[in-house]
Amino acid sequence: MATASEIAAVGVIGAGQMGSGIAQLAAAAGCAVLLLDADSAALSRAVASISASLRRLAAKGQLSQFGPQTACEDSIKRIRCVSTVQDLRDADLVIEAIVENEDVKKQLFVELDEITKASAILASNTSSISITRLASATKRPSQVIGMHFFNPPPIMKLIEIIRGADTSDEVFAAVKSFSERLGKSVICSQDYPGFIVNRILMPMINEAFWALYTGVATKEDIDTGMKLGTNHPMGPLQLADFIGLDVCLSVLRVLHNGLGDNKYSPCPLLVQYVDAGRLGKKRGLGVYSYAQKSSSLKPKSSL
């Protein structure tokens, strides 16, 4: 099994915002990156996004003290787009950032277990699903671990590491050191539903939906109250839109099923929005409308 310093090739599965951000971090840290997605258009968008992000960082001198422009171009060249799991056979570490669905993730881990080399570490970017159960789909549960990045990965300073029941001390140490190599602060959670951050955050978001659903206040006043009253950078409803309402709903269902407490039961309004395809910023409509908006948020006043 590779130590942190021996992790030279990193496979990232999923070319969405999370996967592309993770790929960017690994490439900037000097790793050869294999970015996997079956959708060629998603890969093209990811490469364009990563290139633009790296160039912005290079312009600010935040990539390398040895010629930021060179560091930018070198990082971009370290990323190779691939379309099949077989292309990850030589990766030292594989991080999946696919849909937050346990069955889909388990099937992927079965495939990775068969294809990757015996020493490879398999990591999940899941925000709530049991690492122990994902690891049970493999013949190497000691080498399976959770690496929960936060959105957007290049900007957010935290990685939440989750050990499954059988995750070895060596794998934990290697992944912790690798996370710090990416420039991140690390917290470690036991394998409980929602881990640390979402165990606390999602009930707050859910309660904000309940406040909106029951007419306590408008969405603007709920968000303004939490921003100015508790010094949060954005309100819980706006944050839910940025996370993705489908992701929030999925995490709440994991919490509700896993912990058996009705306080985690998703608000009907959240369920209705997801059923209607109002998934948040990524779809242009969630609690707020993002159609034809610039970088500044100008929410509508109506529901």
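Residues numbered from 1 in each chain as written. Predicted model: local features only at pLDDT ≥ 70, side-chain atom pairs only at ≥ 80, totals over all residues. Heavy atoms only, no water.

Where do I start with the overall build of the chain in this structure?
If you tally the helices and strands in the chain, you get eleven helices and eight strands. In summary, the chain has a C-alpha radius of gyration of 20 Å against a globular reference of 19 Å for 303 residues, a match within 12%. Taken across its 303 residues, the chain has 48% of its residues classed as buried. When the accessible area of the chain is evaluated, it comes to approximately 14000 Å², of which 52% is carbon and sulfur surface. Measuring between centres, the 31 positive side-chain charges of the chain sit 7 Å from its 29 negative side-chain charges. (Helix = DSSP H or I, 4+ residues; strand = E, 2+ residues; numbered from the N terminus. Rg over C-alpha atoms; globule rule 2.2 N^0.38 Å. Buried < 20%, exposed > 50% of the residue type's maximum accessible area, 1.4 Å probe, protein only. Areas by Shrake-Rupley, 256 points an atom, 1.4 Å probe, with all protein chains shown as cover. Lys, Arg positive; Asp, Glu negative; His and termini not counted. Charge placed at Lys NZ, Arg CZ, Asp CG, Glu CD.)

When you look at the confidence of the model for the chain in this model, what are you seeing that I'm missing?
As a general rule, the predicted coordinates of low-pLDDT regions are not to be interpreted in detail. When the pLDDT values of the chain are averaged, the result is 92; 92% of them are 70 or greater. The low-confidence segment residues 294–303, where pLDDT is below 50, has 15 contacts with residues more than four positions distant or belonging to other chains. (pLDDT = per-residue confidence, 0-100. Contact = heavy atoms within 4.5 Å.)

For this particular structure, what's the right way to read the packing of helix α10 (residues 245–259) against helix α11 (residues 268–275)?
Any two packed helices are characterised by how steeply their axes cross, that is the angle between the axes, and by the distance between the axes. Here α10 crosses α11 at 130 degrees, and the two axes come no closer than 9 Å. Compared by their axis directions, α10 and α11 come out oblique. By crossing handedness, the relation of α10 to α11 is classed as left-handed. Residue-level inspection shows L245, D246, L249, L252 and R253 of α10 in contact with α11, the latter providing L270, V271, Y273 and V274. Among the residues making up the contact of α10 with α11, the classes are represented as seven nonpolar, no polar and two charged. (Axes fitted to C-alpha atoms, helices over the stretch in contact; angles between N-to-C directions. Parallel < 35°, antiparallel > 145°, perpendicular 65-115°, else oblique. Left-handed = near helix turned anticlockwise from the far one by under 90°. Nonpolar A, V, L, I, M, F, W, Y, C, P; charged D, E, K, R; others polar.)

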